[in-house]
Amino acid sequence: MADLFLVRHGETEWSRSGRHTGLTDVPLTEHGRAEARLLAPLIRSHRIGVAFVSPSQRARETAELIGLTDLRVDADLHEWDYGAYEGITTVEILRERPGWFLFTDGVEAGPPEHPGESPKEVGERADRMLSKVHAGLANNEGCVVLVAHGHFLRVLAARWLGLPPADGALFQLATGTVSRLSTEHGRPVIAGWNVRPGS
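Residues numbered from 1 in each chain as written. Predicted model: local features only at pLDDT ≥ 70, side-chain atom pairs only at ≥ 80, totals over all residues. Heavy atoms only, no water.

Peer 1: Describe in detail the pattern of salt bridges, supporting the description with residues and values.
Peer 2: With the rule as written, the count across this model stands at 13 salt bridges. Linking Arg128 and Asp76 is a salt bridge whose minimum nitrogen-to-oxygen distance equals 2.8 Å. On the criterion of sequence distance, the pair formed by Arg128 in helix H6 (residues 119-138) and Asp76 in the loop between strand S3 (71-73) and helix H4 (90-96) is long-range, its members being 52 residues apart. Take Asp76: its relative accessible area is 11%, and that puts it in the buried class. Taking the shortest distance from any N to any O, the salt bridge between Lys120 and Glu124 comes out at 2.6 Å. Of this pair, Lys120 and Glu124 both sit in helix H6, four residues apart, which is roughly one turn of that helix. By relative accessible area, Glu124 is classed as partly exposed at 36%. Salt bridges sharing partners connect three or more residues here, namely Asp74, Asp76, Arg128 and Lys132. (Salt bridge = Lys/Arg side-chain N within 4 Å of Asp/Glu carboxyl O. Helix = DSSP H or I, 4+ residues; strand = E, 2+ residues; numbered from the N terminus. Buried < 20%, exposed > 50% of the residue type's maximum accessible area, 1.4 Å probe, protein only.)

Printed below as a string of structure tokens:
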């Protein structure tokens, strides 16, 4: 079976400062664009069957800079809806909620346009996305690529391995990186994680 590649978009001003960036459509920085361009050889060396991308401009621009074509924009790939925590940092949240942890505690409700998601809801969205991935891989047309966001891709990796959504906390994921999910003897594995060119 072909592999699944996860691409976290390049740096944005908000990711650089640690602000939770869910549905806010923040563009890449120049450094983020450079990060994306450097990923092209890591992806182009494989035969790509299908590439899915989050609707956000930071993900779409990353995909385009890598050189991916025929992109399928999929709303299931959007970042965790942080609700009331959109745009603020973990340090700021911890001042109000000591001991808070995103992957187990979720977020406080936000406005109607982004009410927030629980870890369970993000896991359900990851499972829907993995159903589409498995359908793409079953066609034997090549690897599947997902270009999306840090917290969501961490949950998706956990679900690939059959772990609960909260175990996405185990997988640190930097901007402008590629990770590879595969199988070994019919069992899901991580074949490469948080890879940057030259690392």
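Peer 1: Please provide a residue-by-residue account of the packing of H6 against helix H7 (residues 150-160), values included.
Peer 2: In the contact formed by H6 and H7, the axes pass within 9 Å of each other and the chain directions differ by 65°. The angle between H6 and H7 places the two elements in the roughly perpendicular class. Judged by the twist between their axes, the crossing of H6 over H7 is right-handed. Contacts between H6 and H7 involve Val122, Gly123, Arg125, Ala126, Asp127, Met129, Leu130, Val133, His134 and Leu137 from the first element and Phe152, Val155, Leu156, Arg159 and Trp160 from the second. (Axes fitted to C-alpha atoms, helices over the stretch in contact; angles between N-to-C directions. Parallel < 35°, antiparallel > 145°, perpendicular 65-115°, else oblique. Left-handed = near helix turned anticlockwise from the far one by under 90°. Contact = heavy atoms within 4.5 Å.)

Peer 1: Give a description of H6 that names residues and reports values.
Peer 2: Between the first and last C-alpha of H6 there are 28 Å, a value that for 20 residues agrees with the 28 Å anticipated at 1.5 Å per step. Listing the buried residues of H6 in full gives Pro119, Val122, Gly123, Arg125, Ala126, Met129, Leu130, Val133, Gly136 and Leu137. What you see down the axis of H6 is that its buried residues fit within an arc of 160°, all on one side. Of the exposed residues in H6, those oriented more than 90 degrees away from the buried face are Lys120 and Ala138. Turning to H6, the residues buried within the fold contact strand S1 (4-8), strand S2 (48-53), helix H5 (102-105), strand S4 (143-148) and H7. Within two residues after H6, Asn140 carries a phi angle of roughly 55°, on the positive side. (Expected span 1.5 Å × (residues − 1). Arc of directions from axis to C-beta.)

Peer 1: Residues and numbers for the pairing of strand S5 (residues 177-184), please.
Peer 2: In this structure, S1 lies alongside S5, joined through five bridges in antiparallel fashion. By the bridge assignment for S5, Leu4 is matched with Leu181. The pairing of S5 with strand S6 (residues 187-195) spans six bridges and is antiparallel. Following the sheet pairing, Leu181 is matched in S6 by Ile190. The turn joining S5 and S6, which pair antiparallel and follow one another in sequence, is formed by two residues; a positive phi near 55° is taken by His185. (Pairing = 2+ DSSP bridges.)

Worth remembering: the numbers are spatial, not functional.
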